[in-house]
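Summary of the model geometry
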Amino acid sequence: MISWGPIIIGLIFGLVVGVSFRKNEYFNNSSLLVIFIFLIIVSFLEGEFPFYENSPISLGFLAASCGLVIGKLLFGRKENSNKNS
């Protein structure tokens with residue numbers, strides 16, 4: 001049976017962090033793809049919590065990384081408009 005608590009908390013946490021990212025020359029959509037691939041690898045290496053044996057990956061961490069990508073793509077901030085130039 002899948003434990004829904006870490007998945008929901010991870011998704012909410014990922015959405016909150018994804019919304020706070022700003023688009024700039026260092027963080028664009030291609031770097032977001034590289035970060036997402038890296039997060040999937042980390043999720044696989046981290047494994048499931050000690051007493052859960054449902055899947056070989058950490059579902060909470062995977063949900064957080066999906067929330068980060070969704071939050072950035074849908075609700076992410078635009079470039080900084082407060083520049084003094």
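The sections below set out a description of the structure shown in this document. (Residues numbered from 1 in each chain as written. Predicted model: local features only at pLDDT ≥ 70, side-chain atom pairs only at ≥ 80, totals over all residues. Heavy atoms only, no water.)

Digging into the overall build of the protein chain
Counted only if it meets this: Counting from the N terminus, the helices are the DSSP runs of H or I reaching at least four residues and the strands are the DSSP runs of E reaching at least two. Type-normalised accessible area, obtained with a 1.4 Å probe on protein chains alone, sets the label of each residue: buried when under 20%, exposed when over 50%, and partly exposed for intermediate values. Throughout, a residue-residue contact means that at least one pair of heavy atoms, one from each residue, lies within 4.5 Å. Surface accessibility in these figures is a Shrake-Rupley result with a 1.4 Å probe; residues are shielded only by whichever protein chains are displayed.
Broken down by element type, the protein chain carries 3 helices and 0 strands. Counting from the amino terminus, helix and strand elements in the protein chain follow one another as α-α-α. The buried share of the protein chain, reckoned over its 85 residues, is 27%. Counting contacts in the protein chain only where the partners sit at least 6 residues apart, residues at least 24 apart contribute 73% of the total. Accessible surface, the protein chain: about 6,300 Å² in total, of which carbon and sulfur atoms supply 69%.

Brief notes about the environment of Leu15
By the secondary structure assignment, Leu15 is in helix α1 (residues 4–20). Classification of Leu15 by relative accessible area gives partly exposed; the value is 27%. Between the C-alpha atoms of Leu15 and Leu74, which are 59 residues apart in sequence, the distance is 9.6 Å.

Quick look at the packing of helix α2 (residues 29–46) against helix α3 (residues 59–75)
Formally: Between N-to-C directions, angles span 0 to 180 degrees; the directions come from axes that are lines fitted to C-alpha atoms, helices contributing only their stretch in contact. Angular relationships are summarised with four words: roughly parallel below 35 degrees, roughly antiparallel beyond 145, roughly perpendicular across 65 to 115, and oblique for the angles in between. Lys, Arg, Asp and Glu make up the charged group, whereas Ala, Val, Leu, Ile, Met, Phe, Trp, Tyr, Cys and Pro make up the nonpolar group; the residues left over, Gly among them, are polar.
Look at α2 against α3: their axes get within 9 Å of each other, and the N-to-C directions meet at 170°. Put simply, α2 runs roughly antiparallel to α3. Every residue of α3 that contacts α2 at Asn29, Leu32, Phe36, Leu39, Ile40, Val42, Ser43 and Glu46 is listed here: Phe61, Leu62, Ser65, Cys66, Leu68, Val69, Lys72 and Leu73. For the contact of α2 with α3, the per-class residue count stands at 11 nonpolar, 3 polar and 2 charged.

Quick look at α3
To be explicit about the condition: One less than the residue count of a helix, multiplied by 1.5 Å, gives the span that helix is expected to have.
Spanning 17 residues, α3 covers 23 Å between terminal C-alpha atoms, matching the ideal 24 Å at 1.5 Å per step. Of all the residues in α3, the buried ones are Leu59, Gly60, Ala63, Ala64, Ser65, Gly67, Leu68, Val69, Gly71 and Lys72. Elements that come into contact with the buried residues of α3 comprise α1 and α2.

Observations regarding α2
Going by this rule: This arc describes the spread of directions from the helix axis toward the C-beta atoms.
The first and last C-alpha atoms of α2 sit 25 Å apart over 18 residues, in line with the 26 Å expected at 1.5 Å per residue. Along α2, the residues that are buried comprise Ser31, Leu32, Leu39 and Ser43. Angular distribution of buried residues about the axis of α2 spans 115°; they occupy a single face of the element. In α2, the exposed positions angled more than 90 degrees off the buried face are occupied by Ser30, Leu33, Val34, Phe38 and Leu45. Buried residues along α2 sit against α3. Phi turns positive one or two residues past the end of α2, at Gly47, with a value near 75°.

As for a nonpolar patch on the surface
Here is the rule: Patch construction takes residues with relative accessible area above 30% that form no salt bridge. Like charges are linked within 9 Å, and nonpolar side chains (Val, Leu, Ile, Met, Phe, Trp, Tyr) are linked within 5 Å. The term salt bridge refers to a side-chain nitrogen of Lys or Arg lying within 4 Å of a carboxyl oxygen of Asp or Glu.
Side chains of Ile2, Trp4, Ile8, Ile12 and Val16 sit close together on the surface and give an oily, nonpolar patch of about 510 Å² of accessible area. Mapped onto the fold, Val16 is located in helix α1. Look at Val16 and you get exposed, because its relative accessible area is 55%.

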